[in-house]
Amino acid sequence: MSRSLNRVRNLLESAEIEAKVVEMAAETRTARDAANSIGCKLDQIVKSIVLLAPDRKSHWLFLTAGGNLVDMEKARALAGVDLVRADAGSVRAKTGFAIGGVAPIAHKEKPIAYFDRRLSDFDIVWSAAGTPRHVFGLNPGSLKGLAGAADADFTESD
């Protein structure tokens with residue numbers, strides 16, 4: 001079993017949160033692929049978008065509904081620094097996950113995290129569980145708490 005998947009499962013278990021971890025038949029690297037595979041609405045998919053400070057020492061996590069995009073100007077205003085998109089190597093170094101499987105929890109380094117309010121419109125949302133083939137379902141309030149995320153306005157519609 002993947003170490004990344006184990007980190008996610010271990011965090012869920014230690015928090016005593018029952019979350020359904022599912023292995024998908026195909027990779028779910030995009031929100032649309034995940035929604036189609038799970039059979040849920042696009043906005044029930046949680047995208048974990050990683051942005052970096054210019055010095056690349058700190059990272060921010062924007063938990064975004066599947067149909068929304070991060071508005072970089074809004075994100076920079078929230079962070080108070082000129083954030084940049086993280087490349088694949090930086091994402092792995094900061095989170096411990098590869099792009100396409102970045103979970104919103106269990107990061108190697110704790111990020112500053114923000115939560116798209118659109119996700120709260122659902123009883124359950126689905127997130128990557130550390131691999132491109134694994135997802136987990138959880139109610140949005142529990143996910144926000146586990147991720148240590150604050151509600152914020154940082155999106156533009158897709």
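K.L.:
Mind laying out the packing of aromatic side chains, listing which residues take part and the relevant values?
P.N.:
Evaluated as defined, the whole model comprises two aromatic pairs. Taken together, the aromatic side chains of Phe-62, Tyr-114 and Phe-154 make up a single cluster linked through ring pairs. The positively charged end of Arg-7 is found above the aromatic ring belonging to Phe-97, 4.4 Å away from the centroid.

K.L.:
Report on unusual backbone geometry, specifying residues and quantitative values.
P.N.:
Non-glycine residue Glu-16 carries a positive phi angle of around 55 degrees. With respect to the helices, strands and loops of the structure, Glu-16 is situated in the loop between helix H1 (3–14) and strand S1 (20–23). Phi is positive for Arg-56, which is not a glycine, with a value near 65 degrees. Mapped onto the elements, Arg-56 comes out in the loop between strand S2 (45–52) and strand S3 (59–65).

K.L.:
Give me the lowdown on the layout of surface pockets, citing residues and values where you can.
P.N.:
There is about 490 Å³ of room inside the largest pocket. Along its surface, the largest pocket is lined by 23 residues, and Arg-29, Lys-47, Ser-48, Ile-49 and Gly-100 are the ones closest to its centre. Contributions of two or more residues to the lining of the largest pocket are made by helix H2 (31–38), S2 and strand S7 (125–128). Of all the elements, S2 adds the most residues to the lining of the largest pocket, at six residues. Considering only residue class, the lining of the largest pocket consists of 14 nonpolar, six polar and three charged.

K.L.:
How would you sum up the environment of Ala-98? Please name residues and give values.
P.N.:
As for its position among the elements, Ala-98 is in the loop between helix H4 (88–95) and strand S6 (112–116). Put simply, Ala-98 and Ala-88 are 10 residues apart on the chain and 6.9 Å apart in space, counted from C-alpha to C-alpha.

K.L.:
Lay out the side chain of Thr-95 in plain terms, naming residues and giving numbers.
P.N.:
For Thr-95, the position within the fold is in helix H4. Taking relative accessible area as the criterion, Thr-95 reaches 0% and is therefore assigned buried. Within the local environment of Thr-95, its side chain forms a polar contact with the backbone oxygen of Val-91, the two atoms lying 2.6 Å apart. At 3.0 Å, the side chain of Thr-95 and the backbone nitrogen of Phe-97 are in polar contact. Ignoring anything within four residues of it in the chain, the contact list for Thr-95 reads Arg-7, Val-50, His-59, Val-102, Ala-106, His-107 and Lys-108.

What counts as what
Residues numbered from 1 in each chain as written. Predicted model: local features only at pLDDT ≥ 70, side-chain atom pairs only at ≥ 80, totals over all residues. Heavy atoms only, no water. Phe/Tyr/Trp six-rings, centres within 6.5 Å; stacked < 30°, edge-to-face > 60°. Lys NZ or Arg CZ within 6 Å of the ring centre and 35° of its normal. Helix = DSSP H or I, 4+ residues; strand = E, 2+ residues; numbered from the N terminus. 1 Å grid on protein atoms, 1.4 Å probe; cavity = no way out; pocket = protein on both sides within 12 Å on 5 of 7 lines; lining within 4 Å. Points joined across faces, edges and corners; volume = space filled by probe spheres on them. Nonpolar A, V, L, I, M, F, W, Y, C, P; charged D, E, K, R; others polar. Buried < 20%, exposed > 50% of the residue type's maximum accessible area, 1.4 Å probe, protein only. Polar contact = N/O pair within 3.5 Å; in protein donor to acceptor, adjacent residues only side chain to side chain. Contact = heavy atoms within 4.5 Å.

Keep in mind these values describe shape, not function.
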